[in-house]
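# Commentary on secondary and tertiary structure
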Amino acid sequence: MTARWQRGLTAAALLAAATAQAQAPLPVQPLRGKYCVAQAPKGWAITGENAAGSSFGADFVGADGGALASYWIIGVAPEMRSSPWYGRWYATPQSTVMATLSRMGSAPIQCGAPSTPAPGLAMMECRNPQAVGLALYQVHPMNNGGFVIVMRTAGTAPARWARDGAIASAVARSIRCNVPLKPSTADFTSGLSGAGKARRKAQGDSGYSRWLGMEHYHDGRTGENYWVSPSQDWRESGPQGPGYYVSAGGELRKLEPGRSN
């Protein structure tokens, strides 16, 4: 499968090849979280639902961790598209999708050109050293020049796509979420001025770089930025209350929402 991928197999052909591997109907059952539900084989689990406000993500994983499916939605305001800080990531729907898949460039990923499997849908084949898979997304324009993107992803370890790609893709397509999407209060026009940083810090907005439940937090004392995951890094009983913490100088310091610069 890897050799065929490297020769440029299209995303639609990838999905067809994976589907052809299905030998018999596989029993599935509803898998419910707080906001989402999916149809998945026994052993699949929800690993995170990140209700962050202006974006939302949910992740599902197979029994042995070798197959993944995700749901993601974000609203991009026109101010984000022209922002000196966020514009490089959100100027276009395609750049927004790539920012999400690469976790704002912190996790490099290679994706082919989008195909159109159906009207209004775009699909890309993507890979990194850990996984190969597909990203299927829709772009919904807004009257003010912004847009909303809804994306589902499916992936497996490279050697397992031929066997498990159809299952991961079917789980991803089945995901339905009741999304608590809300407008952000962040200021996207203040650049990197001290006043802009102070406002963003006071507003507690953790940014728009969420994929697989990841978001921006920072150490208010040192200014160091961190990627954190609600499903893995959240401490419900930290010394300063629930939140994300970093160990520094023999103490646990609670992180603050958003980037420091």
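Before any of the text, the structure's been laid out above.
Residues numbered from 1 in each chain as written. Predicted model: local features only at pLDDT ≥ 70, side-chain atom pairs only at ≥ 80, totals over all residues. Heavy atoms only, no water.

## A few points about helix α5 (residues 93-101)
Every buried residue of α5 is accounted for by Thr96, Val97, Ala99, Thr100 and Leu101. Among the structural elements, β5 (67-76), α4 (87-90), β6 (110-111), β7 (122-127), β8 (132-141) and β9 (147-156) are those in contact with the buried residues of α5. Phi turns positive, to about 55°, at Arg103, one or two residues after α5. (Buried < 20%, exposed > 50% of the residue type's maximum accessible area, 1.4 Å probe, protein only. Helix = DSSP H or I, 4+ residues; strand = E, 2+ residues; numbered from the N terminus. Contact = heavy atoms within 4.5 Å.)

## Observations concerning helix α6 (residues 161-174)
Taking 1.5 Å per residue, 14 residues should reach 20 Å; α6 reaches 18 Å between its end C-alpha atoms and fits that length. Every buried residue belonging to α6 is among Trp161, Asp164, Gly165, Ala166, Ala168, Ser169, Val171, Ala172 and Ser174, and all of these are buried. (Expected span 1.5 Å × (residues − 1).)

## Regarding the pairing of β7
Looking along a regular strand, one sees side chains alternate from face to face of the sheet. Most of β7 is tucked away: six of the six residues are buried. What you see with β7 is no split at all: Ala122, Met124 and Cys126 on one side and Met123, Glu125 and Arg127 on the other are buried throughout. In this sheet, β7 lies alongside β6 in antiparallel orientation, the contact comprising two bridges. Across the sheet, the residue bridging to Gln110 is Arg127, located in β7. Pairing of β7 with β8, which is carried by six bridges, proceeds in the antiparallel orientation. (Pairing = 2+ DSSP bridges.)

## Examining the sheet that holds strand β1 (residues 29-32)
Strands sit in the order β1-β2-β10 across an open sheet of three strands; the sheet is antiparallel. Taken across any chain shown, the strands that pair with only one partner, and hence form the sheet edges, are β1 and β10 (176-177). Where β1 and strand β2 (residues 36-40) come together, four bridges link them in antiparallel fashion. Bridge pairing links Arg32 to Val37 in β2.

## Observations regarding the environment of Gly243
Turning to its location among the elements, Gly243 is positioned in the loop between β12 (225-228) and β13 (245-248). In this structure, the C-alpha to C-alpha distance between Gly243 and Lys254, residues eleven residues apart in sequence, is 6.6 Å.

## What about the packing of aromatic side chains?
In the structure shown here, the tally under the stated rule is three aromatic pairs. With a centroid separation of 5.6 Å and 85° between ring planes, the pair formed by Tyr35 and Phe56 is classed as edge-to-face. You can see Tyr35 sitting in the loop between β1 and β2 and its partner Phe56 sitting in strand β4 (residues 55-61), a full 21 residues away along the chain. Assessed through its relative accessible area of 0%, Phe56 is described here as buried. Judged by centre distance (6.3 Å) and plane angle (70°), the rings of Phe56 and Tyr71 are edge-to-face. On the criterion of sequence distance, the pair formed by Phe56 in strand β4 and Tyr71 in strand β5 is long-range, its members being 15 residues apart. The pair Phe56 / Tyr71 is uniform in exposure class, with both members buried. A network of ring pairs unites the aromatic residues Tyr35, Phe56 and Tyr71 as a single cluster. (Phe/Tyr/Trp six-rings, centres within 6.5 Å; stacked < 30°, edge-to-face > 60°.)

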